[in-house]
Amino acid sequence: MSGPEDFRLHERLNADTIGLGNSPLCEIRLMNDSAWPWVLLVPAVAGVREIYQLPADQQHQLVRESSALSEAMMDVFGGDKMNVAALGNMVPQLHIHHIVRFEGDPAWPGPVWGTQAPVPYTDQELELVRNRLGPVLLELRSGV
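Below or above, wherever it landed, is the structure these notes cover. Computed from a predicted model, the values in this text were never measured in an experiment. (Residues numbered from 1 in each chain as written. Predicted model: local features only at pLDDT ≥ 70, side-chain atom pairs only at ≥ 80, totals over all residues. Heavy atoms only, no water.)

**Let's talk about the environment of Arg29**
Within the fold, Arg29 resides in strand S2 (residues 26-31). For Arg29, a relative accessible area of 9% translates into the label buried. Discounting chain neighbours no more than four positions away, the residues touching Arg29 are Leu9, Leu13, Asn14, Thr17, Ile18, Gly19, Leu20, Trp38, Val39, Leu40 and Val42. Among the polar contacts listed, one links the side chain of Arg29 to the side chain of Thr17, at a separation of 2.8 Å. (Helix = DSSP H or I, 4+ residues; strand = E, 2+ residues; numbered from the N terminus. Buried < 20%, exposed > 50% of the residue type's maximum accessible area, 1.4 Å probe, protein only. Contact = heavy atoms within 4.5 Å. Polar contact = N/O pair within 3.5 Å; in protein donor to acceptor, adjacent residues only side chain to side chain.)

The following block contains the structure:
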């Protein structure tokens with residue numbers, strides 16, 4: 001397996017998301033769609049498509065980071081359901097979606113994909129989301 005120096009974020013993830021920082025294992029990315037609180041964890045490991053391809057210690061770290069992010073997002077945004085998924089049908093690079101869902105949101109109860117065109121964040125909305133997620137981003141950076 002390649003080292004972190006070989007890791008490159010997939011161009012589609014780079015185009016569709018906004019960087020929020022890094023944890024010990026992952027790049028933390030905000031989906032540039034203000035319709036839903038939606039954050040991705042992208043393990044900074046080259047050539048990995050599936051969770052089982054990570055060494056056991058990295059699998060455990062990913063679960064810790066994902067759980068901490070999920071709990072904090074639900075606390076911050078007060079959703080009805082947290083959707084966590086690693087689909088990879090469009091982007092083969094391993095990335096884990098964390099989407100806060102609300103009963104009655106534009107896609108409820110179905111998946112968010114393809115429901116509507118993305119609504120990019122304004123600068124003010126982006127600043128607000130960064131501030132709201134600030135404590136969990138600090139926690140994730142420290143290794144959870």
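Having seen it, we continue.
**Quick word on the packing of aromatic side chains**
As enumerated under the stated definition, the model contains 1 aromatic pair in all. For the ring pair Trp38 and Trp113, a centre distance of 5.6 Å and an interplane angle of 85° mean the geometry is edge-to-face. Placement of the pair is Trp38 in strand S3 (residues 38-43) and Trp113 in the loop between strand S5 (96-101) and helix H3 (123-141), with a sequence separation of 75 residues. (Phe/Tyr/Trp six-rings, centres within 6.5 Å; stacked < 30°, edge-to-face > 60°.)

**Concerning the environment of Gln59**
Counting through the fold element by element, Gln59 comes out in helix H2 (residues 56-77). On the accessibility criterion, Gln59 (24% relative accessible area) is partly exposed. In this view, Gln59 contacts Ile51, Tyr52 and Leu54; residues no more than four positions away in its chain are not counted.

**Quick look at the sheet that holds strand S4 (residues 81-85)**
Taken in spatial order, the 5 strands line up as S1-S2-S3-S5-S4 in an open sheet, and their pairing is antiparallel. The sheet is open, and its two edges are formed by strand S1 (17-22) and S4, each paired on a single side. Shown here is a sheet whose adjacent strand axes are inclined to one another by a mean of 20°, direction ignored. Together, S2, S3, S4 and S5 form the strand contacts of H2, whose direction differs from that of S5 by roughly 20°. (Pairing = 2+ DSSP bridges. Axes fitted to C-alpha atoms, helices over the stretch in contact; angles between N-to-C directions.)

**What to know about the packing of H2 against H3**
Following both chains from N to C, one finds H2 and H3 inclined at 165°, their axes separated by 9 Å at the closest point. In this view, H2 runs roughly antiparallel relative to H3, as classed from their interaxial angle. As for how H2 packs across H3, the hand of that crossing is right-handed. Contact residues: H2 offers Glu65, Ala68, Leu69, Ala72, Met73, Val76 and Phe77, while H3 offers Arg132, Leu133, Val136, Glu139 and Leu140. Its residues assigned to classes, the contact of H2 with H3 comprises 9 nonpolar, no polar and 3 charged. (Parallel < 35°, antiparallel > 145°, perpendicular 65-115°, else oblique. Left-handed = near helix turned anticlockwise from the far one by under 90°. Nonpolar A, V, L, I, M, F, W, Y, C, P; charged D, E, K, R; others polar.)

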